[in-house]
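Residue-level structure breakdown
Below are the chains, spelled out letter by letter.
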Amino acid sequence: MLSIKVVTQPSFVSFHFISKKWVQYLNLVKDVYATLNYTTDVMFPKTNVTILHEAVAVLEHYKPDRSRDGVILCADVSDTDMVSEKMAKRLNESCDAVITPTEFSAWGLKRGGVQLPIHVVHHGCDLPVVDHEKRVGFYVSTTNEQFVRKGSYISLEVASRIKYPKVIKLFPDYMKVNIDNAELLGKLDDMTEFYKKAGIFVLPVLGGAFELTALEALCTGAVVITTDHPIFAGLPTIPVKSKYVPRITMPPHLMEYHIGGGFEPDINDVVKKIEYVWDNYDKEVGRVKKALKALRELYSWHKVAEKLIEVASAYT
């Protein structure tokens, strides 16, 4: 029996969501038992393998003990094309190997000095394929760590320029924006409610760690327009002309870990790509539908669980 515990922080929405999916699908595999634990827990089970997610933040509160935790796999991501020496040092000293979701992130970790084995384990998706409304969708976050990296300032500018019907998912939920011809959505129990309203989903990110949103939209059958960024390599998105920026603006608590550059999309080209998809909607929807079966098989959470077990088994 391979026993695995995933230690995370419930306040980190995306990492918590992914951690729950890992545990859910790991427990569907024969001879594997997985638990979800939080840094606030008092007691932690003894396991063969422990996955820390997101490792750098978890390691601020959790002290690994190999007699209890077994193999330490640190799941983390490089938001830019290079992590800091501080981040690399923390991972090198605390982990046996690193898990990260994209080749871009793996490169950023290596450039920053991570000397451990790095394994790329893509995200998964189990959302259903749905019938979409022909509207343009944006995810806008004004939190200080996401407003720039997630391209929310670009999304707001683009949304204000285009006249097509729009739907905007807002975070935090209480935030309000003044955009014509737009439906504003707050907290949702099921993100499918958002994706089905957005047949054209626009994600103009500058940094890494946000490819999951594009993957989810695609897996529901939406047409997705993204920055021409390496994190979307392999996904059938429509790329926007983008330029490399050597340093992405970060809040202080992230600047100490992510010190590299990213890709800034051309706002005018974002608008042009939306206009193109709007005028060729049926054609582009057909293109996505042709890719759906292979996409959903490749990026299934079952495949993710298999890869996690493969990585864990290599060190036990």
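Read on for a plain summary of the structure.

**A look at the pattern of salt bridges**
- One pass over the full model with this rule turns up 16 salt bridges.
- In this structure, the salt-bridge partner of R90 is E60, at a minimum N-O distance of 3.6 Å. With R90 in helix α4 (residues 85–94) and E60 in the loop between α2 (55–58) and α3 (66–69), this pair connects stretches of sequence that are 30 residues apart.
- Put simply, K86 and E256 hold a salt bridge, and the shortest N to O gap is 2.5 Å. Taken as a pair, K86 in helix α4 and E256 in the loop between α9 (252–255) and β14 (262–265) lie far apart in primary sequence, 170 residues in all.

**Considering the sheet that holds strand β8 (residues 166–171)**
- Pairing within the open sheet is parallel, and its 6 strands lie in the order β9-β8-β7-β10-β11-β12. In this open sheet, the two strands that pair with only one neighbour each are β9 (182–185) and β12 (238–240). Taken pair by pair, the neighbouring strands of this sheet meet at an average axis angle of 25 degrees, ignoring direction.
- Pairing geometry for strand β7 (residues 136–141) and strand β10 (residues 200–203), over 3 bridges, is parallel. When the sheet's bridge partners are listed, F138 is paired in β10 with V202.
- The sheet contacts of helix α6 (residues 152–161) involve β7 and β8, and relative to β7 the element is tilted by about 140 degrees.
- The strands that helix α11 (residues 281–298) touches are β10, β11 (223–227) and β12; relative to β11, the one it contacts most, it runs at about 85 degrees.

Conventions we followed
- Residues numbered from 1 in each chain as written.
- Predicted model: local features only at pLDDT ≥ 70, side-chain atom pairs only at ≥ 80, totals over all residues.
- Heavy atoms only, no water.
- Salt bridge = Lys/Arg side-chain N within 4 Å of Asp/Glu carboxyl O.
- Helix = DSSP H or I, 4+ residues; strand = E, 2+ residues; numbered from the N terminus.
- Pairing = 2+ DSSP bridges.
- Axes fitted to C-alpha atoms, helices over the stretch in contact; angles between N-to-C directions.
- Contact = heavy atoms within 4.5 Å.

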